[in-house]
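Understanding the architecture of this molecule
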Amino acid sequence: MTTSIVLFGPPGAGKGTQASKISEMTGKPQISTGDMLRIAVSEASDLGAKAQSYMESGILVPDELIIELISNRLKQEDAINGVLFDGFPRTLNQAIALSSIVDISSVISIEVPDEEIIKRIVGRRMDPITKEIYHISFKPAPDEIQGRLIQRKDDNVETVMNRLKTYHQQTSPLSSWYDDQNLLIPIDGNKSIEEVATDISKFLSN
Ligand code: AMP
């Protein structure tokens, strides 16, 4: 049976970083609703215009837009053998909609305390060419690319606080919903990128 994996956790837990590693290991394409929405905003599409103000305030984009985005993405050929969801689902409605369209084999939950998240997100930078994520103190970029690094518009202290509040109110209750279905795999995300990747790969190879 074809199954998909959900990568779950607060903003800044390292989901994007770990997702590319898991994608390589499993061959399942990474589907990040955050990345898809940022592309929609940069292309000034209808969806982008609708999503932008929510994203900039650190609150969730309405479920119906997200569910439509995901349903369309899952129709693409590369999704046929299951996918890796990154940053989706984020509400119970999204999770219920998802469970009616795909089979989930596991929900990898990367757990990181709030104080650590704020430090991580505010120092986060991205290379727009390679899409590699760096951090001003924890993972500095090479000198030659420093000048082209960008910071996400929603990676400032005020928006991060809203994103965390949104996460605790609307998203984190999903962990017990998935745990009740015996799908939740808690992973301590308060470790180095390599250690977290090792813990996830131990679980995936079992
Ligand atoms: P992310 O890159 O996953 O942190 O997402 C950035 C922003 O995009 C979030 O703060 C939300 O405004 C929006 N977003 C991403 N994924 C979802 C989702 N599954 N449901 C609702 N809003 C989302």
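Above this text you will find the structure in question.
As the structure is a prediction and not an experimental result, all values here were calculated from the model.

Glancing now at the packing of helix H5 (residues 92-99) against helix H8 (residues 173-180). Running from N to C, H5 and H8 cross one another at 35°; their axes reach a closest spacing of 10 Å. Contact with H5, carried on its side by Leu92, Ala95, Ile96, Leu98 and Ser99, involves Leu174, Trp177 and Tyr178 of H8 and no other residues of that element. Its residues assigned to classes, the contact of H5 with H8 comprises seven nonpolar, one polar and no charged.

The immediate surroundings of the ligand are formed by 16 residues, with Thr33, Arg38, Ile59, Arg90 and Gln94 found nearest. Interatomic distance of 2.6 Å between a backbone N/O atom of isoleucine 59 and an oxygen atom of the ligand. Between valine 61 and the ligand, the recorded distance is 3.1 Å, taken from a backbone N or O atom to a nitrogen atom. When isolated, the ligand has an accessible area of 480 Å², and the protein chains bury 96% of it.

Let's shift gears to the sheet that holds strand E4 (residues 104-111). An order of E2-E3-E1-E4-E7 is seen for the five strands of this open sheet, with the pairing classed as parallel. The sheet terminates laterally at strand E2 (30-32) and strand E7 (184-188), the two strands that pair on one side only. Along the sheet, successive strands turn relative to each other by an average axial angle of 20°, direction set aside. Where strand E1 (residues 4-8) and E4 come together, five bridges link them in parallel fashion.

Attention shifts here to unusual backbone geometry. With an omega of 0°, the peptide bond running from phenylalanine 88 to proline 89 counts as cis. The phi dihedral of alanine 44 is positive, around 55°, even though this residue is not glycine. Along the polypeptide, alanine 44 turns up in the loop between helix H2 (33-42) and helix H3 (46-57). Positioned with a positive phi, lysine 131 is a non-glycine residue whose angle comes to about 70°. Along the chain, lysine 131 turns up in the loop between strand E5 (124-126) and strand E6 (133-135).

Let's shift gears to the environment of glutamine 151. Position of glutamine 151 among the secondary structure elements: in the loop between E6 and helix H7 (157-171). Overall, the relative accessible area of 38% leaves glutamine 151 in the partly exposed class. The sequence separation of glutamine 151 and aspartate 127 amounts to 24 residues, and the corresponding C-alpha distance is 9.1 Å. Look past the residues within four positions of glutamine 151 in its chain and what remains in contact with it is Val122, Arg124 and Arg125.

Taken as a whole and assessed by the stated rule, the structure comprises 14 salt bridges. Among the salt bridges present, the one from aspartate 78 reaches arginine 73, with a minimum N-O distance of 2.8 Å. On the accessibility criterion, aspartate 78 (37% relative accessible area) is partly exposed. Residue arginine 73 is classed as buried on the basis of its relative accessible area of 13%. Lysine 119 is paired through a salt bridge with glutamate 116; the nearest N and O atoms lie 3.6 Å apart. Of this pair, lysine 119 and glutamate 116 both sit in helix H6 (residues 114-122), three residues apart, which is roughly one turn of that helix.

Rules behind the numbers
- Residues numbered from 1 in each chain as written.
- Predicted model: local features only at pLDDT ≥ 70, side-chain atom pairs only at ≥ 80, totals over all residues.
- Heavy atoms only, no water.
- Axes fitted to C-alpha atoms, helices over the stretch in contact; angles between N-to-C directions.
- Helix = DSSP H or I, 4+ residues; strand = E, 2+ residues; numbered from the N terminus.
- Contact = heavy atoms within 4.5 Å.
- Nonpolar A, V, L, I, M, F, W, Y, C, P; charged D, E, K, R; others polar.
- Near = heavy atom within 4 Å.
- Polar contact = N/O pair within 3.5 Å; in protein donor to acceptor, adjacent residues only side chain to side chain.
- Areas by Shrake-Rupley, 256 points an atom, 1.4 Å probe, with all protein chains shown as cover.
- Pairing = 2+ DSSP bridges.
- Buried < 20%, exposed > 50% of the residue type's maximum accessible area, 1.4 Å probe, protein only.
- Salt bridge = Lys/Arg side-chain N within 4 Å of Asp/Glu carboxyl O.

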